[in-house]
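An overview of the molecular structure
Residues per chain are reported as follows:
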Amino acid sequence: MSEMTARGSSDPRLSVVVPAYNEAESLPELHRELLEALNALGMSWEILYVDDGSRDGSDRVIEDLCRSEPRARGILLSRNFGKSAALATGFQAVRGEFVCTLDADLQDDPHEMPRLFAALEGGLDLVSGWKQKRRDPVTKRWPSKLFNRVTSMVAGVRLHDFNCGYKLYRREVVDALEVYGELHRFLPALAHWRGFRVGEVGVNHRARRFGQSKFGAARFVNGFLDLLTAAFISTSALKPLHVFGRIGLGFFLLGSGLAVWFVVQWLQGEPLRVRPLMLAGAACVLLGIQFILMGLLGEMIAHQSARDEYPVRRRFNLDRS
Ligand code: UDP
Ligand code: MG
């Protein structure tokens, strides 16, 4: 790892981001394990605890941890915004060249970090944990299998476990990702679509000891809807007219073709009558125009929010600013 992006000399090399929602009981134990694992890692580090509006005193626990360890930093969100929001908040504050995320509930084992690093050094930009032996109830494991299959197909990158909270990123990936809503489930897909190298390694997964899972059955419905969003924004965000315009042109050409056919018939002396096919043709023309206008509207939005930055995979001897 000799290639270094230019960063402040006091910046740590590794930033660990921990999103926490009502994890007061787990946090002190996690902190102990993290210190142990990080100090064994042999590189400078920081921990960023992001409290996602907890109601169980997690905020005070984080405050205490930060007081006792200056390399631990804390951000308390004003209320519960969801895991994606907590991660996005953490991502904005990281200073490290590498960013590791893990859940606060002790299900992810901090001592697995060297294995994630080994995979990253093998040439990846994002290494996702894979809970090979998952310590969760069956009601969670099976739907999750289906979810990962479908997401793999849509994303075009084959992973067993998209939604694992344990991940290691190169900083460039984190900088290029926009996480909101519940898109945290698709981070590997979003990164892959942006052109980064994504892979996975099996990690030790432990049963939840304290508290309870924050996601109920709604997660699966939302998960599939979000997949639609993720696929749509990443494939069409740049050129909405290419998506809507194609559909619109299809309808428009079909409708126009039908209209021309009726005109030709009329010219040949056939009396013009309102027929189902004629109505369908007219509907197609209108639909076509609608779709094209929708695409143009999308173009206007895309134009206004156009990022003048494209994802960069690595920088050498270059200042990020
Ligand atoms: N989490 C969060 N905000 C939320 C829900 C969860 O920050 O609104 C955190 C939670 O504290 C944990 C991680 O996200 O650190 C994963 O949550 P959980 O363990 O409930 O998910 P599961 O393991 O059931 O997928
Ligand atoms: Mg969990």
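In case you missed it, the structure is sitting above this.
Notes on the structure follow.

Here is what the cut-offs are and how they apply
Residues numbered from 1 in each chain as written. Chains lettered and ligands numbered in written order. Predicted model: local features only at pLDDT ≥ 70, side-chain atom pairs only at ≥ 80, totals over all residues. Heavy atoms only, no water. Helix = DSSP H or I, 4+ residues; strand = E, 2+ residues; numbered from the N terminus. Buried < 20%, exposed > 50% of the residue type's maximum accessible area, 1.4 Å probe, protein only. Near = heavy atom within 4 Å. Polar contact = N/O pair within 3.5 Å; in protein donor to acceptor, adjacent residues only side chain to side chain. Areas by Shrake-Rupley, 256 points an atom, 1.4 Å probe, with all protein chains shown as cover. Nonpolar A, V, L, I, M, F, W, Y, C, P; charged D, E, K, R; others polar. Donors = N, O, S within 2.8 Å, 3.2 Å for Na, K, Ca; no water. Core = buried A, V, L, I, M, F, W, Y, C linked by side-chain atoms within 4.5 Å. Contact = heavy atoms within 4.5 Å. Right-handed = clockwise from strand over helix to strand, strands pointing away. Pairing = 2+ DSSP bridges.

**Comments concerning unusual backbone geometry**
- Backbone geometry at N22 places phi at a positive 55°, although glycine is not the residue there.
- Within the element layout of this structure, N22 appears in the loop between β1 (14–20) and α1 (26–41).
- Using a relative accessible area of 23% as the deciding quantity, one classes N22 as partly exposed.
- The backbone of L106 sits at a positive phi, close to 70°, despite the residue not being glycine.
- What makes L106 buried here is its relative accessible area of 2%.

**A word on the site of ligand 1**
- Near ligand 1 lie 18 residues; those nearest to it are D52, D105, K140, S213 and K214.
- R208 has a polar side-chain atom sitting 2.9 Å from an oxygen atom of ligand 1.
- Bound to the protein, ligand 1 loses 94% of the 530 Å² it would expose on its own.
- Taken together, the residues of the shell around ligand 1 sort by class into 5 nonpolar, 4 polar and 9 charged.

**Some words on the coordination of the magnesium ion (ligand 2)**
- Around the magnesium ion (ligand 2), the protein contributes the donor atoms D105 (OD) and Q107 (OE1), at 2.0 to 2.1 Å from the metal centre.
- You can call Q107 buried: its relative accessible area is 6%.

**Overview of the nonpolar core**
- Among the nonpolar cores identified, the biggest contains 35 residues, and L14, V16, L34 and Y49 are the most heavily contacted of them.
- Of all elements in the fold, only β1, α1, β2 (45–51), α2 (58–68), β4 (98–101), α4 (113–121) and β7 (198–203) reach the threshold of two or more residues within this core.
- Here V16 is in contact with L34, L38, E46, I47, L48, C100, L102 and M113, once residues within four sequence places are set aside.

**Describing the pairing of β1**
- Most of β1 sits out of view: 7 of its 7 residues are buried.
- What you see with β1 is no split at all: L14, V16, V18 and A20 on one side and S15, V17 and P19 on the other are buried throughout.
- A crossover connection joins β1 to the parallel β2 through α1; in handedness this β-α-β unit is right-handed.
- Pairing analysis gives 4 bridges linking β1 to β4, with the strands arranged parallel. Paired with V17 across the strands is T101, a residue of β4.

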